[in-house]
Amino acid sequence: MNILLFGPPGAGKGTQSSLLVERKKMRHISTGDLFRAAIKNQTPLGKEAKGYLDAGRLVPDSVTIGMVQEALNELRDDFILDGFPRNLAQADALDMILDEQKLKLDNAVFLEVSTDELVERLSGRRTCRTCGASYHVKNKPPKDGVHCDTCGGTDIYQRADDAPEAIRTRMQVYEASTRPLKEYYEKRGELRLVDGSGSEHDVYRRIEKALGC
Ligand code: ADP
Ligand code: ZN
């Protein structure tokens, strides 16, 4: 089954993707992770993307679509797209990319979370610089308080785009560009609305139910 996960920033796309990878052996393609890796490795793509990510704005489509095309090049079935598409032009591009590779999207899962809960999640979020695992200062600190549970790394930081000003920008970008995708996938009968509030495991079970898997 091929799915995409979308929703407002902080809805839990990354967390739920990790659970799906672990339990359903799906392949995860996250544009946010691809950009952060490029920034960390200081590639030309990373240098171009950094300012946009830090400010919470979308990286221009010309750059993003090229990157995704490459990442999807050897794609096989059972993938999760996380963070792409984020606007209608990207959704059209995705249709073309999938057509070329004779692949089909089965479900577009939209994670719904109230604005209050989103802001509380994002402002307390911390991220492992080594492996990308995410934590929360109150709700989910690393088990021993210092080391990443997944990789043992000690560099657990606050993403620049989780600062208050950037959070506001990301919310605006979401409203203007990403939210219209709901209607796009609804018209095609691919939209699955999932309540994204509450614990990771509650949300995961709702996703399983929505996907019938
Ligand atoms: P979140 O969903 O929590 O906002 P992501 O890790 O998915 O975080 O994305 C972080 C940032 O990466 C975005 O704010 C944007 O700058 C950039 N980005 C990710 N996906 C895309 C995309 N499809 N198009 C343009 N920019 C993107
Ligand atoms: Zn880690």
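Keep in mind that what you see is a predicted model, and the values were worked out from it rather than measured.

On to the overall build of the protein. When helices and strands are tallied, the protein shows nine helices and eight strands. Along the first, second and third principal axes, the C-alpha atoms of the protein reach 45 × 40 × 30 Å. The burial tally for the protein puts 45% of its 213 residues in the buried class. Counting contacts in the protein only where the partners sit at least 6 residues apart, residues at least 24 apart contribute 70% of the total. A total accessible area of about 11000 Å² is found for the protein, and carbon and sulfur atoms account for 50% of it. If the 32 positive side-chain charges of the protein are averaged to one point and the 33 negative ones to another, these points end up 3 Å apart.

So, about the site of ligand 1. Lining the immediate environment of ligand 1, one finds 21 residues, of which Lys13, Thr31, Arg36, Arg57 and Gly83 sit closest. Arginine 36 is positioned with one of its side-chain polar atoms (N or O) 2.8 Å from an oxygen atom of ligand 1. Between ligand 1 and arginine 86, the relevant distance is 3.1 Å, taken from an oxygen atom to a side-chain nitrogen or oxygen of the residue. Considered on its own, ligand 1 offers 560 Å² of accessible surface; in the complex 96% of this is hidden by protein. If you list the elements that add at least two residues to the shell around ligand 1, you get helix H2 (31–40) and helix H3 (44–55). Sorting elements by how many residues they give to the shell around ligand 1 places H2 first, with four residues.

Listed as protein donors to the zinc ion (ligand 2) are Cys128 (SG), Cys131 (SG), Cys148 (SG) and Cys151 (SG); their distances from the metal cover 2.3 to 2.4 Å. Taken together, the four donor atoms coordinating the zinc ion (ligand 2) span angles of 101 to 116° at the metal, a pattern that classifies the geometry as tetrahedral. Read in sequence order, the donor residues coordinating the zinc ion (ligand 2) give the pattern C-x2-C-x16-C-x2-C. Here cysteine 131, found in the loop between strand E5 (125–128) and strand E6 (134–136), pairs with cysteine 151, found in the loop between E6 and strand E7 (156–157); they are 20 residues apart in sequence, far enough to count as distant. Judged by its relative accessible area of 36%, cysteine 131 falls in the partly exposed class.

The terminal C-alpha atoms of helix H9 (residues 200–211) lie 16 Å apart, and with twelve residues this matches the ideal 16 Å at 1.5 Å per residue to within 8%. Regarding H9, the residues found buried are Val203, Tyr204, Ile207 and Leu211. For H9, the angular spread of the buried residues around the axis is 100°, confining them to a single face. In this structure, H9 carries Arg205 and Lys209 as exposed residues pointing more than 90 degrees from its buried face. Of the surrounding secondary structure, the elements contacted by the buried residues of H9 are strand E1 (3–6), helix H1 (13–24), strand E4 (107–112) and strand E8 (191–195). Positive phi appears at glycine 212, one or two residues downstream of H9, with a value of about 65°.

Considering only enclosed or pocket space, the second largest pocket measures out at about 170 Å³ in volume. For the second largest pocket, the full set of lining residues is Pro8, Phe110, Glu112, Val113, Thr115, Leu118, Met171, Tyr174, Glu175, Arg179 and Lys182. Contributions of two or more residues to the lining of the second largest pocket are made by E4, helix H6 (115–123) and helix H7 (164–178). Broken down by element, the residue count for the lining of the second largest pocket peaks at three residues, all from H7. A class-by-class count of the residues in the lining of the second largest pocket yields six nonpolar, one polar and four charged.

Rules of the game
- Residues numbered from 1 in each chain as written.
- Chains lettered and ligands numbered in written order.
- Predicted model: local features only at pLDDT ≥ 70, side-chain atom pairs only at ≥ 80, totals over all residues.
- Heavy atoms only, no water.
- Helix = DSSP H or I, 4+ residues; strand = E, 2+ residues; numbered from the N terminus.
- Buried < 20%, exposed > 50% of the residue type's maximum accessible area, 1.4 Å probe, protein only.
- Contact = heavy atoms within 4.5 Å.
- Areas by Shrake-Rupley, 256 points an atom, 1.4 Å probe, with all protein chains shown as cover.
- Lys, Arg positive; Asp, Glu negative; His and termini not counted.
- Charge placed at Lys NZ, Arg CZ, Asp CG, Glu CD.
- Near = heavy atom within 4 Å.
- Polar contact = N/O pair within 3.5 Å; in protein donor to acceptor, adjacent residues only side chain to side chain.
- Donors = N, O, S within 2.8 Å, 3.2 Å for Na, K, Ca; no water.
- Tetrahedral: all angles 85-135°; square planar, octahedral: opposite > 155°, others 65-115°.
- Expected span 1.5 Å × (residues − 1).
- Arc of directions from axis to C-beta.
- 1 Å grid on protein atoms, 1.4 Å probe; cavity = no way out; pocket = protein on both sides within 12 Å on 5 of 7 lines; lining within 4 Å.
- Points joined across faces, edges and corners; volume = space filled by probe spheres on them.
- Nonpolar A, V, L, I, M, F, W, Y, C, P; charged D, E, K, R; others polar.

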